[in-house]
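# Coordinates in review
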Amino acid sequence: MNAAGFPILSLITWLPLLGGLVILSVRGDEATVASNARWTALWTSLIVLVLSLVLWVKFDPTDGGFQFVESLAWLPQYKVGYKMGVDGISVLFVLLSTVLTPLCILASWESIQTRVREFMISFLILETMMVGMFCALDFIVFYMFFEAVLIPMYLIIGVWGGPRRVYAAVKFFLYTLTGSVLMLLALLAMWLYAGTTDIPTLMETKFPAGMQTWLFLAFLASFAVKVPMWPVHTWLPDAHVEAPTAGSVILAGVLLKMGGYGFLRFSIPMLPDASAYFAPFMFTMSVIAVIYTSLVALAQEDMKKLIAYSSVAHMGIVTIGMFTFNEQGIQGALFQMLSHGVVSAALFLVVGVVYDRIHSREIARYGGLADRMPAYAFVFMLFTMASVGLPGTAGFVGEFLVIVGALQVNFWVAMLGGAGMILGAAYMLYLYRRVMFGRITRDDLLHIMDLSPREWAVFAPLIVLTMWMGIYPSSFTGFWDASVAAMVKHHLAALESTVKLAGIAH
Amino acid sequence: MNWILALPEIVLACIGMAILVFGVLRKQDETQLCTMFTIGGFLIAGLLVISGAGGSGYHGQFVADSFAAFNKILILIGGALTAVLALDWNRKEGIGRFEFPVLMLFATVGMMIMTSSSNLMTMYLGLELQSLALYVLAAFARDDVRSSEAGLKYFVLSSLASGLLLYGVSLVYGFSGTMDFNQLSAMLTAPSDASPGLIVGVVFVLVGLAFKVSAVPFHMWTPDVYEGAPTPVTVFFASAPKVAAMALLLRVMATPFGHLLVSWQSLIVIMAICSMVLGALAAIGQTNIKRLMAYSSIGHMGYALAGLAVGTSEGVRGVLVYMAIYAAMTIGTFGCILAMRRQGKSVEKISDLSGLSSNDPALALALAVFMFSLAGIPLMSGFFAKLYIFLAAVQGGLWTLAVVGVLTSVVGAFYYIRIIKVMYFDQPGEAFDPRPAGLSVVVAATGLFTAFFFLFPAPVVDAAQVAAKVIFR
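Throughout what follows, the structure given in this document is the object of discussion. Small disclaimer: the values here were computed from a predicted structure and weren't measured. (Residues numbered from 1 in each chain as written. Chains lettered and ligands numbered in written order. Predicted model: local features only at pLDDT ≥ 70, side-chain atom pairs only at ≥ 80, totals over all residues. Heavy atoms only, no water.)

Before going further, it helps to examine the overall build of chain B. Across its full length, chain B holds 20 helices and 4 strands. The C-alpha radius of gyration of chain B comes to 21 Å, within 12% of the 23 Å expected for a compact globule of 473 residues. Taken along its principal axes, the extent of the C-alpha atoms in chain B is 65 × 55 × 40 Å. Buried positions account for 64% of the 473 residues belonging to chain B. Sequence separation of 24 or more characterises 82% of the internal contacts of chain B that already satisfy a separation of 6 or more. Summing over all exposed atoms, chain B offers an accessible surface of approximately 15600 Å²; the carbon and sulfur share of this is 69%. Each charge sign in chain B was given a centre, from 25 positive and 23 negative side chains, and these centres are 2 Å apart. (Helix = DSSP H or I, 4+ residues; strand = E, 2+ residues; numbered from the N terminus. Rg over C-alpha atoms; globule rule 2.2 N^0.38 Å. Buried < 20%, exposed > 50% of the residue type's maximum accessible area, 1.4 Å probe, protein only. Contact = heavy atoms within 4.5 Å. Areas by Shrake-Rupley, 256 points an atom, 1.4 Å probe, with all protein chains shown as cover. Lys, Arg positive; Asp, Glu negative; His and termini not counted. Charge placed at Lys NZ, Arg CZ, Asp CG, Glu CD.)

Moving on, we get to the overall build of chain A. Each helix and strand in chain A was counted, giving 21 helices and 2 strands. Relative to the 2.2 N^0.38 estimate, which gives 23 Å for 506 residues, the radius of gyration of chain A is 22 Å and therefore close to what a compact globule would have. Each of the three principal axes of chain A carries a C-alpha extent, and together these read 80 × 55 × 40 Å. Relative to its full complement of 506 residues, chain A shows a buried share of 65%. With the model as given, the accessible surface of chain A reaches about 17000 Å², and the carbon-plus-sulfur share is 69%.

Our focus in this paragraph is the pattern of salt bridges. Inspection of every chain in the model, using the stated rule, returns 23 salt bridges over all chains. For A:Asp273, the salt bridge goes to A:Lys206, with nearest N and O atoms at 3.0 Å. With A:Asp273 in helix H12 (residues 272–298) and A:Lys206 in the loop between helix H8 (199–204) and helix H9 (209–226), this pair connects stretches of sequence that are 67 residues apart. Residue A:Lys206 is classed as partly exposed on the basis of its relative accessible area, which comes to 36%. Salt-bridge contacts for B:Asp65 lead to B:Arg251; the nearest nitrogen and oxygen are separated by 3.1 Å. Residue B:Asp65 is located in the loop between strand E2 (62–64) and helix H3 (66–93), and its partner B:Arg251 is located in helix H11 (residues 240–254); the two are separated by 186 residues in the primary sequence. (Salt bridge = Lys/Arg side-chain N within 4 Å of Asp/Glu carboxyl O.)

For the rest of this paragraph, the subject is the packing of aromatic side chains. Evaluation of the coordinates by the stated rule reveals 60 aromatic pairs over all chains. With a centroid separation of 5.9 Å and an interplanar angle of 40°, the aromatic rings of A:Phe139 and A:Phe219 are classed as tilted. Of this pair, A:Phe139 sits in helix H5 (residues 139–148) while A:Phe219 sits in helix H9, placing them 80 residues apart in sequence. Assigned by exposure class, A:Phe139 and A:Phe219 land together as buried. A:Lys226 extends its terminal NZ or CZ atom over the ring of A:Phe146, reaching a point 4.2 Å from the ring centre. Over the aromatic face of B:Phe140 sits the side chain of B:Arg97, whose NZ or CZ is 5.4 Å from the ring centroid. (Phe/Tyr/Trp six-rings, centres within 6.5 Å; stacked < 30°, edge-to-face > 60°. Lys NZ or Arg CZ within 6 Å of the ring centre and 35° of its normal.)

Turning to the interface of chain A and chain B, a few remarks are in order. Residue-level contacts link 33 residues of chain A with 38 residues of chain B. Contact between chain A and chain B buries roughly 3300 Å² in total, counting both sides, with carbon and sulfur atoms accounting for 81%. Inspection of the chain A/chain B interface yields 0 salt bridges. If you look at where chain A meets chain B, you find 4 residue pairs in polar contact (both at pLDDT 80 or more). Taken together, the elements giving at least two residues each to the side of chain A that touches chain B come down to strand E1 (67–75), H5, helix H6 (150–160) and helix H7 (165–194) of chain A. Among the elements that make up the side of chain A that touches chain B, the one with the highest residue count is H7(A) (16 residues). In terms of residue class, the side of chain A that touches chain B is made up of 27 nonpolar, 3 polar and 3 charged. (Buried area = accessible area lost by both parts, 1.4 Å probe. Polar contact = N/O pair within 3.5 Å; in protein donor to acceptor, adjacent residues only side chain to side chain. Nonpolar A, V, L, I, M, F, W, Y, C, P; charged D, E, K, R; others polar.)

Before going further, it helps to examine the packing of helix H1 (residues 7–25) of chain B against helix H4 (residues 99–116) of chain B. Residue and element names in this part refer to chain B. Interaxial distance between H1 and H4 falls to 9 Å at its minimum, and their mutual angle equals 165°. It follows that H1 is roughly antiparallel to H4 by the angle criterion. The crossing of H1 and H4 is left-handed. Residues Pro8, Glu9, Leu12, Ala13, Ile15, Gly16, Met17, Ile19 and Leu20 of H1 lie in contact with H4, whose contacting residues are Val102, Leu105, Phe106, Thr108, Val109, Met112, Ile113 and Ser116. Classifying every residue of the contact of H1 with H4 gives 13 nonpolar, 3 polar and 1 charged. (Axes fitted to C-alpha atoms, helices over the stretch in contact; angles between N-to-C directions. Parallel < 35°, antiparallel > 145°, perpendicular 65-115°, else oblique. Left-handed = near helix turned anticlockwise from the far one by under 90°.)

Residue and element names in this part refer to chain B. Here H3 spans 40 Å end to end across 28 residues, near enough to the 40 Å set by a 1.5 Å rise per residue. Where H3 bends most, at Ala86, the angle is about 30°. The first or second residue beyond H3 is Gly94, which carries a positive phi of 75°. (Expected span 1.5 Å × (residues − 1). Bend = angle between axes of the 7 residues up to and from the residue.)

The next thing to look at is unusual backbone geometry. The omega torsion across A:Val227 and A:Pro228 is -15°, close enough to zero to call that bond cis. Tracing the sequence through the fold places A:Pro228 in the loop between H9 and helix H10 (235–242). In this structure, the amide linkage connecting B:Val216 to the following residue, B:Pro217, adopts the cis form with an omega of 10°. The residue A:Phe325 is not glycine, and still its phi comes out positive at about 60°. Structurally, the position occupied by A:Phe325 is in the loop between helix H13 (303–322) and helix H14 (327–358). On the basis of relative accessibility, which here comes to 13%, the residue A:Phe325 falls in the buried class. One non-glycine residue, B:Leu379, adopts positive backbone phi at about 80°.

As a further point, take the environment of A:Ile463. With respect to the helices and strands, the residue A:Ile463 is situated in helix H20 (residues 453–471). The residues contacting A:Ile463, other than those within four sequence positions of it, are A:Val379, A:Leu382, A:Phe383 and A:Trp456.

This part is about H14(A). All names here are of chain A. Over its 32 residues, H14 runs 46 Å from end to end, which matches the ideal 46 Å to within 8%, given 1.5 Å per residue. Within H14, the axis deviates most sharply at His340, by approximately 25°. The buried fraction of H14 amounts to 27 of the 32 residues, a majority that puts the element mostly inside the structure. Just downstream of H14, His359 is the residue with a positive phi angle, here 60°.

Let us now look at the environment of A:Leu124. Residue and element names in this part refer to chain A. Mapped onto the elements of the fold, Leu124 is located in helix H4 (residues 116–135). Judged by its relative accessible area of 0%, Leu124 falls in the buried class. C-alpha of Leu124 to C-alpha of Pro280: the two residues are 156 residues apart in sequence and 40 Å apart in space. With near-sequence residues (within four places) excluded, Leu124 lies in contact with Pro16, Leu17, Gly19, Gly20, Ile23, Ala41, Thr44 and Ile105.

A few words now on a nonpolar patch on the surface. All names here are of chain A. A cluster of nonpolar side chains, contributed by Leu407, Phe411, Trp412, Met415 and Leu416, occupies part of the molecular surface with about 520 Å² of accessible area. No other element matches the 4 residues that helix H18 (residues 411–436) contributes to the nonpolar patch. Locating Trp412 in the fold gives a position in helix H18. (Patch = residues over 30% accessible without salt bridge, like charges linked within 9 Å, V, L, I, M, F, W, Y side chains within 5 Å.)

All names here are of chain A. Sheet topology note: the E1/strand E2 (residues 80–86) ladder contains 6 bridges and is antiparallel. If you follow Ala73 over to E2, its bridge partner there is Gly81. Adjacent in sequence and paired antiparallel, E1 and E2 are bridged by 4 residues, among which Lys79 carries a positive phi angle near 60°. (Pairing = 2+ DSSP bridges.)

Now for the side chain of A:Lys171. Residues and elements named next belong to chain A. Mapped onto the elements, Lys171 comes out in helix H7. Side chain to side chain, Lys171 and Asp238 meet in a polar contact 2.9 Å long. Discounting residues that sit within four places of it in the chain, Lys171 has contacts with Thr234, Trp235 and Asp238.

Take the packing of helix H5 (residues 120–138) of chain B against helix H10 (residues 231–238) of chain B next. When two helices pack together, their arrangement is captured by the angle between the axes and the distance separating the axes. Residue and element names in this part refer to chain B. Running from N to C, H5 and H10 point in directions that differ by 150°, and their axes come no closer than 9 Å. Overall, the two elements H5 and H10 adopt an arrangement that is roughly antiparallel. Note that H5 runs across H10; the crossing there is left-handed. Contact with H5, carried on its side by Leu134, Leu137 and Ala138, involves Val233, Phe236 and Phe237 of H10 and no other residues of that element. Here the contact of H5 with H10 is composed, by residue class, of 6 nonpolar, no polar and no charged.

Structure, rendered in structure tokens:
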């Protein structure tokens, strides 16, 4: 069947949903239900994590194709199947999702006190949808997971969010839905052209150049909102600020990667001509995003909002890398997505720590925390440095590779993208200074507690990952070397064949 | 003369008359028993439809094929579920009379004849049998002003539409000399075969039927009638008659006038676009959930018409799948609306739902599933309904329709998720009265169908495929 000997991807995908059903069946008074829900959710997500580690160990990095492929007839008469599989590009995103979910559940252990059962069920459903989306090898199945993510996320923001949660939840929902429905039309057009929705087959299909342009624009509408690219990023700060900590973590850690993953999985391999045609446009938008949102981040008064804008800037680096179409650029984009998934998730958790204690995210409300919370100061510093891109941390490798890749294409893109890193250092260090240094001016900050063992348990894996990715990146890049090389080769071959065809026509 | 073909209709009509006699002769109130008999009658008719022979009878006026069977099964299921929902509600509202299930039954017979008609005359007979029963049903709460108003409004406007339809039929007959679908089809093999008078006739027929499916611009009656009629009647209006009218529209446009596609396609496209847009925009400002569902149904009919506009068997397949899924979603949603009772009185404001998720999590979950499904969010059945429609539209090259369709579905999503917002995000209000068991069963059954359709889509889609092949050859 596959390297693991059992349908491991389906198991990883659907097990959280099963856990959700178990939680649904719990009866008793409120405290019992809440405690049972927490533990069941934690254990389910940990089992899923262990299973995905099996995936990690058994994955063969030398193979650039899809592995652990499962296939079931679903709508055979329309050539639509339930097909799952991972390649070097998607396998680490599966892991990212399964690592972050238990951490989020741990982080919500005490901060979520109302409707705990429903929260845990939503989170497990969210995990199913995220993992399923990264594993799907059929476009219809992919689309279903891609859009179904909205349901649990809408509820998480809307039920457990901050004061303006309803506005943020509705905005999030409608923004992303508008993008996805246009992608649906593109998907239908591809389905009718190719006669199948099998993703590996679609990658080999050559779509006419005129059609590619329209398809690319439809995909752009969907993925650009998800990434998010300037100027359709405005839902993100709202959603981040209002979402509960765990929601922000998943939003930054995984949901933003869905857009980048979409570009890499669909736009670039399936529409090579249109991708090449639109690359300058994508560069322009990305560079604007990097510079503009970094400047906006400098002016923020709210910690979560600042990190949200920094996310937009970092994802701008990702889109620059992807559209260089060379190995360094794409590898850098992948690495940047992964490191951003860990680092920005960690930064939201860092904010969550003080928010749980003081119930404010306003930067001016804090100051001098380093005196009272040395361990916290250390953790915050580490992730700040990683976000800035200090060599030796996760953030450096990705940005460096992207800039190397961009230099081969266009000096100014590389130069302006690099300028974003400098601005990044500015706003992150400014944030750190205002929150951690100086004198404590408020009474409640004098008695603030340092990290609890539970919080250490949340941060420890992220610290290890951040350092590991920074010091020995090959253990991650090794996974996608073969896949990226195949992708770049495929892209160049596709462009060449177009040029040849054009030559014949003339 | 092969009268066996109409056995389900004949048997159902006889059962109806028997129940009527039974109800009149018994001195005490026998509403419950009559409802049970009616549901039994629907079951027997359903079995007869499934096992019945196919073919054309009554000198070609009546046809029993897989298209008719598909729609009849849908209509019968819709009727039976509505009868279950109506029983308890009517009793509590003091309008629990045995005529209610009987009228539903006769309307259902009319709908079954509509789906099987193969002649403009049979079509009209079925339509009128259905409509007459529905007029009475709309005004069934005779002491309630709103209900009487709804009945009267529906009667007047529907009669007008019937008049237009009859006028169209007479024009078609006058310019072609026949009312038989197959003969018309044989006569009109190319758009050039049709005289202008005949085209005018087709347009009038189309208008009459568009009124019945409440497509824009013939939708005006829908919000008032939906709001005014007793809620179980609204459930019925929104499900079975919609299926029947859409089936009739499909057959009339496809079989006799199928070769005139270029003549009527643009009309359907315009109606579809207007319905989708109006359904999406007008629903935003509603505060009454029944009125909101009326606009929502207008929008959904727009999506279904989009499938017809394509004019291929894929399009018709899309419409049939859509109607099946839509009927389940609507009955489920209205089941939830019927559960909205406080201290013995029914409430129908959207704000009455606030905080339902804490008072009654199961009902809130069911309604959330229906709302996400009506909005067309994946994994729910509503997504697949739209998928098949858009697939057909893209295949037919109707890009305008497809783009307008997906964009209006986003606008529509706004008001569907607003209901979820009210249920999940707002402060809880007073709890609703306990739900009757029958209602819970109906809501659970339709909810499970809606939520888990994605696991087993094949039976419905295959049946629709077979049915669609019959009428678009």
